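Spelled out from the first residue to the last, the chains are:
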Amino acid sequence: MLDNGQKLAAVRIDNPQRALDILCEGHLINFHELFFSLEPDLRFIKRNIEGKALYMVDHSGKRLYNRLLDQNYYEDVAKSDYSIEVEQDSIWIDYSAYPFAFRFMGKQKIRKNERTEYRNLVTSGFLLETKSTPNNLNGLKIIRFHVLENNDLQ
């Protein structure tokens, strides 16, 4: 494993449940960063969402993306010159039933000029195991994805 060209220590995970935990949490973190972290650059947004995030989610994610496109949300972000980062607070995954229900709780940190604002971000859905592909290396798919909360924090 490399980080900026530096070799990192590899860790063997002998517990299959722990390996699944890491894969599922990593998949959810990666998806939320790709889908909800935005820069004022339409090509960057499209590359992250259309080129990466939409391979990690079913039609429910595509439907949300299309709705935001129709509302000119991404154009407004690009024109307004502000950036948005996702900060994860916690992830809950229920491994007792399949597909695995999840809830992602975090914030969107919005930088507007010299101001910083925060929005609450809570999403839910299910994780389904699929085949790994070059566009979805984890072999997981988010299904029935919903944004439960996305409102301003004071």
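Shown above is the structure to which this text applies.
Note that the coordinates shown come from a computational prediction; the quantities given were computed from them, not determined experimentally.

**Student:** Teacher, can you tell me more about the overall build of the protein chain here?
**Tutor:** Looking only at helices and strands, the protein chain features 4 helices and 7 strands. Going from the N terminus to the C terminus, the protein chain shows its helices and strands as β-β-α-α-α-α-β-β-β-β-β. Of all intrachain contacts in the protein chain linking residues separated by at least 6 positions in sequence, the fraction that spans at least 24 positions is 58%. Accessible area for the protein chain stands at about 9,600 Å²; split by element, carbon and sulfur atoms hold 49% of it.

**Student:** Is there a simple way to think about the environment of R115 in this case?
**Tutor:** On the secondary structure map, R115 appears in strand β5 (residues 115-129). You can call R115 partly exposed: its relative accessible area is 47%. Looking at R115, its side chain comes within polar contact range of the side chain of E117, at 2.8 Å.

**Student:** It is not clear to me how the pairing of β5 should be interpreted in this structure. Could you clarify?
**Tutor:** Residues in a regular strand point their side chains to alternate faces of the sheet. Note that strand β4 (residues 100-112) and β5 share 13 bridges and pair antiparallel. Bridge pairing links R103 to S124 in β5. Linking β4 back to β5 in an antiparallel pair, the connection comprises 2 residues, with N113 at a positive phi of about 55 degrees. Taken together, the 2 bridges between β5 and strand β7 (residues 152-153) define a ladder with antiparallel strand orientation. What sits directly across from Y118, in β7, is L153. Relative to strand β6 (residues 140-149), β5 runs antiparallel, the two sharing 7 bridges. Along β6, the bridge assignment pairs V122 with E149.

**Student:** In this structure, what is going on with helix α3 (residues 59-70)? I would like to understand it.
**Tutor:** Residues separated by three or four positions in an α-helix point in the same direction, a consequence of the helix having 3.6 residues per turn. Here α3 spans 16 Å end to end across 12 residues, near enough to the 16 Å set by a 1.5 Å rise per residue. Residues of α3 that are buried include every one of S60, G61, L64, Y65 and L68, and no others. All buried residues of α3 project into a common sector of 140 degrees when viewed along the axis, lining one side. What points out from α3, more than 90 degrees from its buried face, is the exposed set H59 and D70. N72 occupies a position one or two residues after α3 and carries a positive phi of about 60 degrees.

**Student:** Even after reading the chapter, I still don't get the packing of aromatic side chains, so can you show me in this structure?
**Tutor:** Aromatic ring pairs: the centre-centre distance and the angle between the two ring planes describe each pair. Scanning the entire structure with this criterion turns up 8 aromatic pairs. The residue whose ring lies beneath K112 is Y82, and the NZ or CZ to ring-centre distance is 5.2 Å. Here R144 stacks its cationic end above the ring of F126, 4.1 Å away from the centre of that ring.

**Student:** Got a minute to help me understand the packing of helix α2 (residues 42-49) against helix α4 (residues 73-80) in this structure?
**Tutor:** The description of two helices packed together rests on the angle between their axes and the distance between the axes. Two elements in contact, α2 and α4, have axes whose closest approach is 9 Å; the angle formed by their N-to-C orientations is 140 degrees. Between α2 and α4, the crossing angle belongs to the class labelled oblique. Contacts between α2 and α4 involve L42, I45 and I49 from the former and Y74, E75, V77 and A78 from the latter.

**Student:** What exactly am I supposed to notice about the pairing of β4 here?
**Tutor:** Bridge count for strand β3 (residues 82-94) against β4 is 12 bridges, and the pairing is antiparallel. When the sheet's bridge partners are listed, I93 is paired in β4 with F102. Where β3 folds back onto β4 in an antiparallel hairpin, the turn is made up of 5 residues.

The rules we used
- Residues numbered from 1 in each chain as written.
- Predicted model: local features only at pLDDT ≥ 70, side-chain atom pairs only at ≥ 80, totals over all residues.
- Heavy atoms only, no water.
- Helix = DSSP H or I, 4+ residues; strand = E, 2+ residues; numbered from the N terminus.
- Contact = heavy atoms within 4.5 Å.
- Areas by Shrake-Rupley, 256 points an atom, 1.4 Å probe, with all protein chains shown as cover.
- Buried < 20%, exposed > 50% of the residue type's maximum accessible area, 1.4 Å probe, protein only.
- Polar contact = N/O pair within 3.5 Å; in protein donor to acceptor, adjacent residues only side chain to side chain.
- Pairing = 2+ DSSP bridges.
- Expected span 1.5 Å × (residues − 1).
- Arc of directions from axis to C-beta.
- Phe/Tyr/Trp six-rings, centres within 6.5 Å; stacked < 30°, edge-to-face > 60°.
- Lys NZ or Arg CZ within 6 Å of the ring centre and 35° of its normal.
- Axes fitted to C-alpha atoms, helices over the stretch in contact; angles between N-to-C directions.
- Parallel < 35°, antiparallel > 145°, perpendicular 65-115°, else oblique.

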